[in-house]
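Letter by letter, the chains look like this.
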Amino acid sequence: MAAAAEPGARTWQGGGSPRPGSPACSPVLGGGGRARPGPGPGLERAGARAPGPAAAPGHSFRKVTLTKPTFCHLCSDFIWGLAGFLCDVCNFMSHEKCLKHVRTPCASAAPSLVRVPVAHCFGLRGLYKRKFCAVCRKGLEAPALRCEVCELHVHPDCVPFACSDCRRCHQDGHQDHDTYLHHWREGNLPSGARCEVCRKTCGSSDVLAGVRCEWCGVQAHSACSAALAPECALGRLRSLLLPPACVRLLSRNFSKTQCFRIAEAAGPEQGDGDDGTDGTAAAGPGREAPAAAESGKQTLKIFDGDDAVRRNQCRLITVPRLARSEEVLEAALRAFYIGEDPHDLELQALPLPSQAGDSRARGEASAEEGSGGPGSCEATPEAWVIRALPRDQEVLKIYPGWLKVGVAYVSIRVTPQSTALSVVQEVLPLLGRQVEGPEGFQLVEVLMGSRQVQRTVLAEEEPLLSRLWDIRQTSMRQLGQTRFYVAESRSVAPHVSLFVGGLPPGLSSQEYGKLLQEAVATKAAVVSVSHAYSSQGAVVLDVACFAEAERLYMLVRNTAVRGRPLTALVLPDVLHTKLPPDCRPLLVFVNPKSGGLKGRELLCSFRKLLNPHQVFELTNGGPLPGLHLFSQVPCFRVLVCGGDGTVGWVLTALEEMRHRLACPEPSVAILPLGTGNDLGRVLRWGAGYSGEDPFSVLVSVDEADAVLMDRWTILLVAHEADSAENSVADTEPPKVVQMSNYCGIGIDAELSLDFHQAREEEPAKFTSRFHNKGVYVRVGLQKISHSRSLHKEVRLQVGQQEVELPSIEGLIFINIPSWGSGADLWGSESDLRFKKPCMDDGLLEVVGVTGVMHMGQVQGGLRSGIRIAQGSYFRVTLLKATPVQVDGEPWVQAPGHMIISAAGPKGLLTPRASGQVHMLRKAKQRPRKAGVTRDARADAASVSESEPK
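Attention in this report is confined to the structure presented alongside it. (Residues numbered from 1 in each chain as written. Predicted model: local features only at pLDDT ≥ 70, side-chain atom pairs only at ≥ 80, totals over all residues. Heavy atoms only, no water.)

**A look at the environment of Ile398**
Item 1. Among the secondary structure elements, Ile398 is positioned in strand 16 (residues 394–398).
Item 2. A residue is classified by how much of its surface remains accessible, and Ile398, at 0% relative accessible area, is buried.
Item 3. Spatially, the C-alpha atom of Ile398 lies 7.5 Å from that of Arg483, the residues being 85 residues apart in sequence.
Item 4. Among residues more than four places away in sequence, those in contact with Ile398 are Tyr409, Val410, Ile412, Val423, Val427, Leu443, Phe484 and Val486. (Helix = DSSP H or I, 4+ residues; strand = E, 2+ residues; numbered from the N terminus. Buried < 20%, exposed > 50% of the residue type's maximum accessible area, 1.4 Å probe, protein only. Contact = heavy atoms within 4.5 Å.)

What follows is the structure in structure tokens.
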């Protein structure tokens, strides 16, 4: 119970007295209370004590009575009995016996322990079952946010308090290192995960426990992780990984979403501010819910500085009406995860919006009338702002930044006379660099925001104490996320590679430069065309100005040229000379629209398992940006996640880029996401992706066998229409398409065309492979009584010989022994007239079908197609407009000729003479040995995430 107030003194909520030394009627709170965790990363206070054991950085533990089943956040075991130890700030719960082993820092102290500040890349809100927030440690029951690059999960309300400790995936010219250390992320491990040190279970589905290295995948208890070597070997996927030291990206004005080419939301999410906080007052997920007035508690709005007041972004705290001023201040600091000593802080009242005009008069009247009693709720402000008390000096941490010295930081005393130059002069001797003059160094201020890390070079005459005061006034939380570095004065030459697609094809570099100058007013002095891909209508711009690069990026994305919208992507530079000799990085292409729409989750998984710079979304610029990025890599492999059409798309782009690649023969693996997936079946990648562990998929790619596959060129030449009957399509210029699987003419292509048109009209309905096949069946039933008599509309020439066609409705050229979702169209019966089909024998098989009923019997395994011919050169004459499909991509072809050959006609394109591509076939799985458990196999293979037995 608080002591009684003196007569005439203004009381806080009818209980405690004002802070000693302040006017009785002044709306100020603060001063008392127990010591808080140490200050933020840039400040420290002499004599401040950190509650709790020394092994628990920043925690403020207190003994609590348990009223429901509770688990320890360190060992993840059940806490037996009625007592546990809870951190008042971050909700860390522990056994008493585990307190001395706690190494996980409190959310208030975590920013000071970040090794290299790297901002996170948060995607859209989603539901993440059995996951926990990394800030408040509470379960993610409502829609939450997830970093697209690392394993961080947070509530939207906790985003501003998340550490900028994301994975460092590239060099940025500021702090470049070639050594790799473990990058630990706490919690959200599989329930069966096993510790690398003690081999006991370290994962939990009940609490945020255990740690995992985000590069090598090693898992351990947080206490056991100290026994592991700090160096990281990058794990099982090392040979597939694009090392961060080999990627350079200067991204001063670009967000992480733009750097990693992640699709951005159309607009800001409702309720999100610029820094991720809610625009209106909201209780944090780890805080108490607002209480009713009659419950003896009151809810207050707390702001952490002028910036929060201006944006109306606050936190709610619930305190007893009889709470002392120091208790209210401590609750406010906990709400904002501020680690400063409360003796140096206070709470100042803010007027209500309706009282803004006469707040001072009302305050004076309240003081004179003595109306600040327990029952006078109207006289008590409900909005408060955290303020710092004026200081004559401070102790400031200065980090050596990019200097190779043996200390993490040095502490100096800052007075009103201290400037950036004097601080540099004082720090250099402490770092052992006294022989060098201060003119070669500069003081850099780094704001470690969760979404963006901002660097500012301070002017030599900048007064440090007043700058610290300004930061505190703007945001007390911001001060805890600010560091000061001493760095060498070196200028980083601006260089940004900007990919621009969607331009008209067939132009030269100079013509593309003039076109962009007219469309977006490029500045010739700082912008140049480094690469032009005329056939694809794309260029890569070298921009020597950060501001100009940002302007062009935003402008190009909202510009159309000749009716086609342009595409803009920021591309890094791959330092291929620094790649390890055993490194064959994997270039990943994902089509999120294929099949069952599983590509979105795969994109996120591959970005976490690999370097996100090597993962590309095909709907954002196609395959060309990725192939350009890897053009100087001496040896790499490709993984295509999509249907057969997507695989053909990537293989065609490889053909066109082959002469520009340092690795002209990259092997291609497939993760089938489409409906048919015939090529994936032949290469043992399965009938379709059904949620397998992405890590296991990458291991299978690394162990896959290289095989050859024929690649066929189809030349389409349309004749002029002779009559109105044949004028279905206008005369088209000759065009060339590539084929890997099969080419269908007639009823087969007609079904594909109807399905394709139905999907284009209502794409939202085609979200599952089962539904897609159902649509195929429905379309086929509608055509069951259809009769086209294709043999009267088509002429076939094999080599130099004319072949007479039987009575058929469909003519199909097959290159692989799988058609129509796994059917064997050629059949297994021996035939002395033909060779045994093989996908690398340089021969195509020609098969006919008599109608929809025949096709259904083939897919049911009851019949095979009608064998017609086998050869390496075909000439098909279409007498009228006919549906045609190549690898699942259908269209209506005008009357004319189709020439199919392994090497295209001379002068039209320049493929290799062999007409073959290198593919990766999944290795056969070895039979399981009796008595070997799944965990034992996983341990032997060094799999990062163990599965439960």
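**Overview of the packing of aromatic side chains**
In this description, a pair of aromatic rings is defined by centroid distance and the angle of the planes.
Item 1. Inspection of the entire model under this criterion finds 12 aromatic pairs.
Item 2. Judged by centre distance (5.6 Å) and plane angle (40 degrees), the rings of Tyr399 and Tyr485 are tilted. Remark: Tyr485 occurs in strand 20 (residues 482–488) and Tyr399 occurs in the loop between strand 16 and strand 17 (410–414); sequence separation between them is 86 residues. For the residue pair Tyr399 and Tyr485, the accessibility class agrees, reading buried in each case.
Item 3. Measuring from centroid to centroid gives 5.3 Å for Phe813 and Phe874, while their planes differ by 70 degrees, and the two rings are edge-to-face. Of the two residues, Phe813 is situated in strand 38 (residues 810–814) and Phe874 in strand 41 (residues 873–878); the sequence distance between them amounts to 61 residues. (Phe/Tyr/Trp six-rings, centres within 6.5 Å; stacked < 30°, edge-to-face > 60°.)

**A short note on the pairing of strand 38**
Item 1. Where burial is concerned, most of strand 38 is hidden: five out of the five residues are buried.
Item 2. Burial along strand 38 is two-sided: the residues Gly810, Ile812 and Ile814 and Leu811 and Phe813 are all buried.
Item 3. The sheet contact formed by strand 35 (residues 742–746) and strand 38 spans five bridges and is antiparallel. Each residue of the ladder has a partner; that of Tyr742, found in strand 38, is Ile814.
Item 4. Bridge count between strand 38 and strand 39 (residues 844–849): five bridges; the pairing is antiparallel. In the sheet register, Ile812 faces strand 39, and the bridge partner there is Val847. (Pairing = 2+ DSSP bridges.)

**Some thoughts on the sheet that holds strand 44 (residues 896–901)**
Item 1. Ordered by their spatial adjacency, six strands build an open sheet running 34-33-44-41-36-37, and the pairing between neighbours is antiparallel. Each edge of the open sheet is held by one strand with a lone partner, namely strand 34 (735–739) and strand 37 (801–803). Between one strand and the next, the sheet's axes are offset by a mean angle of 25 degrees, whatever the strand orientation.
Item 2. Judged from the five bridges that link them, strand 36 (residues 794–798) and strand 41 form a sheet pairing that is antiparallel. Bridging across to strand 41, Leu796 finds its partner in Val876. (Axes fitted to C-alpha atoms, helices over the stretch in contact; angles between N-to-C directions.)

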